[in-house]
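Structure assessment
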Amino acid sequence: MSGALPEDLERSIVGVAEEPAVQVAPTRPPLTLGEWVHRNLFSSWFNGVLTVVTGILLAYLGFRLVQFVFVTADWSVLRANLRSYMVGRFPNDEIWRVWTVAFFLVVLVGISRGMLVPPPPTRRGLLLRALMGAAALGATLALVESFVVWLLVAVASALYAAAVVGGRLAGRRLARPILVAWLASFPLIIALLSFGDVGADRWGGLLLNLIAAIAVIALSFPLGLLLALGRRSSLPAVSWFCVGIIEVIRGVPLLTLLIFGRFVLILLLPPGLTFAQLVRAIFMFTLFSSAYVAEIVRGGLQGVPEGQYEAARALGLSTTRTMVLVALPQALRNTIPPMIGHFISVFKDTSLLAALSFSDLLFTARRASQAFEFVGDQAEALLPGAFLFWIVAFSMSRWSQRVEGRLGVGQR
Amino acid sequence: MTVQRDDDAMITARDVEKWFGHFQALKGISVSIRRGEVVVIVGPSGSGKSTFIRTINRLERHDKGRIVVDGIELTDDIRNIERIRSEIGMVFQTFNLFPHLTVLDNITLAPRNVRRWPRPEAEAKTAQLLERVGIPEQARKYPAQLSGGQQQRVAIARALAMEPKIMLFDEPTSALDPEMIKEVLDVMRELAGSGMTMVVITHEIGFAREVGDRVLFFDGGLLVEEAPPDAFFTQPKSERAKLFLSQIL
């Protein structure tokens, strides 16, 4: 890439220099295209061969992909099943609930994003976003034939853009209300999606994966925290109990736990006490995830130097306050990268619900691929499912990078 | 309560012993430190001097003997310990500031959470303290943005914020670059002049002679010699002290 410093770094260097005598080291002029190609792609005959071979391979794959998407593929299977991919068998008359939730989330995400990413986007960033927006719009127009849906998507996009701008303008002032809104959002969403005669058994598609993932993440984070603290407890009974839970859970495959939840758990419960299938699955999944969260937190706590605890104790802080005010904030900040990685795994692993016959996204995509009228269209049925999983996981990863940047992980 | 009640004694240690596994770090230390006294502890590394001052606020639990601080005996009773700790400020060699908190929050953390001071009061006190240690303009910075000398002065301010009756210093200048040692010693000098009871482990002989009321020389887990600073540094009585001084002077 070009040898120039990133703009903000350059600005910060110049900003720090208070005396005019300080000079910024002269930067190399940006390479011309020819120089760049020569230096990075053809620096030796071997690299040249590699470049040519890889280039041909990539071009061929790219050509096949474009050819498949725009020419060969018959997307009628996706057109027919798109609604199932998104929401499963959610009743048609009640679909407004999902749209309400979507609008609510779009606004919440937009404001948060505007708050978290204050600098105005660069020209390249804007272009990229415009392209992504156009692609999404094109896909919607091509796959959905309902004018109402077009309108709703357009409204959602406009709301999102407005929310980002609003969040940017409001800055930190909105931090507290937004945090409260996030905390309150999940119970509200669950209530909105399930009151009346729409039960959890009607949820499906991506909606089900998202709900399950969010529930597991929201529940396993505090539970894992408690397990990690319990493991460090000076009371042997507590620490052995926590170590036992963590090691047993981590030693068993997730699918086994889910099957246990489905078929065995019911036998262990007092007679008469029953829970919905989904609740039991989320319960087992939460146990599983907590064990991993606990180990991540334990790693973070080990990174907090002993001197921190000593300083806190020397000030007269109790063990609890030392943990909450001194150790955990430092430990959790250092665990953001592995923690987000784990949460992304949790989201992807919700596809195991398909093995328990929940009609999640994977299950829906497989069923669509097996339908009689779309024989031969397996790729068209399965690829969009994979793509939707990827979009969500990739967004989570990008968000975590932003949060890390904001909190200065790895600095200070 | 067989320990005599000496109204002038701030810290009384009687036959204090401490083991780490099979290693005996303290082999029976008895010493009494008066209110307002500045005691300097010197000795080779591994002599037990650091272990001893850490028993005073129970960062280390002593295995035998008794320690009475300001009329309260150190026992396993956690309430006593937390009460005594909040009366004793401690400054560490490696500062141990909380890196995730600003200078202001480092200093107000304990007063607000232990003493339950309201925020405005704690912040006003912090402003005074930062003025006193000579860095009033750094309140909003994070520790990593300060020099070593500034960090150690913040650490002193943090300890003083609890309005302690005793200040313990565990080699406060050993991790500092030479040009920053003076700024920290100046703060400690001022503190000694204000009548604070201080126990200081240091190798700064000039500081010890100027500010100290008494020197304790530790070696091999024993309190080997006890003398006024001038006498100790010019005419040490024990052979071990002579050897030690010949090595550091």
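All of the points below concern the structure found in this document.

Turning our eyes to something else, we now look at the pattern of salt bridges. The full count for this structure, using the stated rule, is 30 salt bridges over all chains. In this structure, the salt-bridge partner of B:Glu183 is B:Arg153, at a minimum N-O distance of 3.0 Å. Linking B:Glu183 in helix α6 (residues 178-193) with B:Arg153 in helix α5 (residues 148-160), this pair joins segments that are 30 residues apart in sequence. Judged by relative accessible area, which is 22%, B:Glu183 ranks as partly exposed. Put simply, B:Asp219 and B:Arg240 hold a salt bridge, and the shortest N to O gap is 3.4 Å. Of this pair, B:Asp219 sits in strand β9 (residues 214-219) while B:Arg240 sits in helix α9 (residues 239-248), and the two are 21 residues apart along the sequence. Owing to a relative accessible area of 40%, B:Arg240 belongs among the partly exposed residues under this scheme. Linked through salt bridges whose partners overlap, the residues forming this network are A:Arg231, A:Glu247, A:Arg250, A:Glu295 and A:Arg298.

Roughly 640 Å³ of volume is contained in the second largest pocket. Along the walls of the second largest pocket sit 22 residues, with A:Ser234, A:Arg313, A:Thr319, A:Thr320 and A:Met323 positioned nearest its centre. Every element with two or more residues in the lining of the second largest pocket is listed here: α14 (306-314) and α15 (319-334) of chain A together with α2 (78-87) of chain B. The element contributing the most residues to the lining of the second largest pocket is α15(A), with five residues.

For the rest of this paragraph, the subject is the packing of helix α4 (residues 76-87) of chain A against helix α17 (residues 361-370) of chain A. A pair of packed helices is characterised by two quantities: the angle between their axes and the separation of those axes. Residues and elements named next belong to chain A. Where α4 contacts α17, the two axes come as close as 10 Å, and the packing angle between them is 155°. Between α4 and α17, the angle falls in the class roughly antiparallel. Of the two possible hands of crossing, α4 and α17 adopt the one that is right-handed. Every residue of α17 that contacts α4 at Val77, Asn81, Ser84 and Tyr85 is listed here: Leu361, Thr364, Ala365 and Ala368. When the residues that make up the contact of α4 with α17 are grouped by side-chain class, the tally is five nonpolar, three polar and no charged.

Under the defined criterion, the tally for this structure stands at 13 aromatic pairs over all chains. Seen from their ring centres, B:Phe232 and B:Phe233 are 5.2 Å apart, and the 80° between their planes marks the pair as edge-to-face. In this pair, the class of B:Phe232 matches that of B:Phe233, namely buried. Put simply, the rings of B:Phe217, B:Phe232, B:Phe233 and B:Phe244 touch in pairs and so form one group of aromatic residues. A cation over an aromatic ring shows up here: A:Arg262 above the ring of A:Phe358, its NZ or CZ 5.9 Å from the ring centre.

Below, the discussion takes up the pairing of strand β10 (residues 222-227) of chain B. All names here are of chain B. Where β9 lies against β10, five bridges are found, and the strand directions are antiparallel. Within β10, the residue paired with Val215 across the bridge is Ala227. With antiparallel pairing between neighbouring strands as the criterion, β9 and β10 make up a hairpin whose turn holds two residues, including Gly220 at a positive phi of roughly 55°.

Criteria and cut-off values
- Residues numbered from 1 in each chain as written.
- Chains lettered and ligands numbered in written order.
- Predicted model: local features only at pLDDT ≥ 70, side-chain atom pairs only at ≥ 80, totals over all residues.
- Heavy atoms only, no water.
- Salt bridge = Lys/Arg side-chain N within 4 Å of Asp/Glu carboxyl O.
- Helix = DSSP H or I, 4+ residues; strand = E, 2+ residues; numbered from the N terminus.
- Buried < 20%, exposed > 50% of the residue type's maximum accessible area, 1.4 Å probe, protein only.
- 1 Å grid on protein atoms, 1.4 Å probe; cavity = no way out; pocket = protein on both sides within 12 Å on 5 of 7 lines; lining within 4 Å.
- Points joined across faces, edges and corners; volume = space filled by probe spheres on them.
- Axes fitted to C-alpha atoms, helices over the stretch in contact; angles between N-to-C directions.
- Parallel < 35°, antiparallel > 145°, perpendicular 65-115°, else oblique.
- Left-handed = near helix turned anticlockwise from the far one by under 90°.
- Contact = heavy atoms within 4.5 Å.
- Nonpolar A, V, L, I, M, F, W, Y, C, P; charged D, E, K, R; others polar.
- Phe/Tyr/Trp six-rings, centres within 6.5 Å; stacked < 30°, edge-to-face > 60°.
- Lys NZ or Arg CZ within 6 Å of the ring centre and 35° of its normal.
- Pairing = 2+ DSSP bridges.

That's the geometry; what it means functionally is another story.
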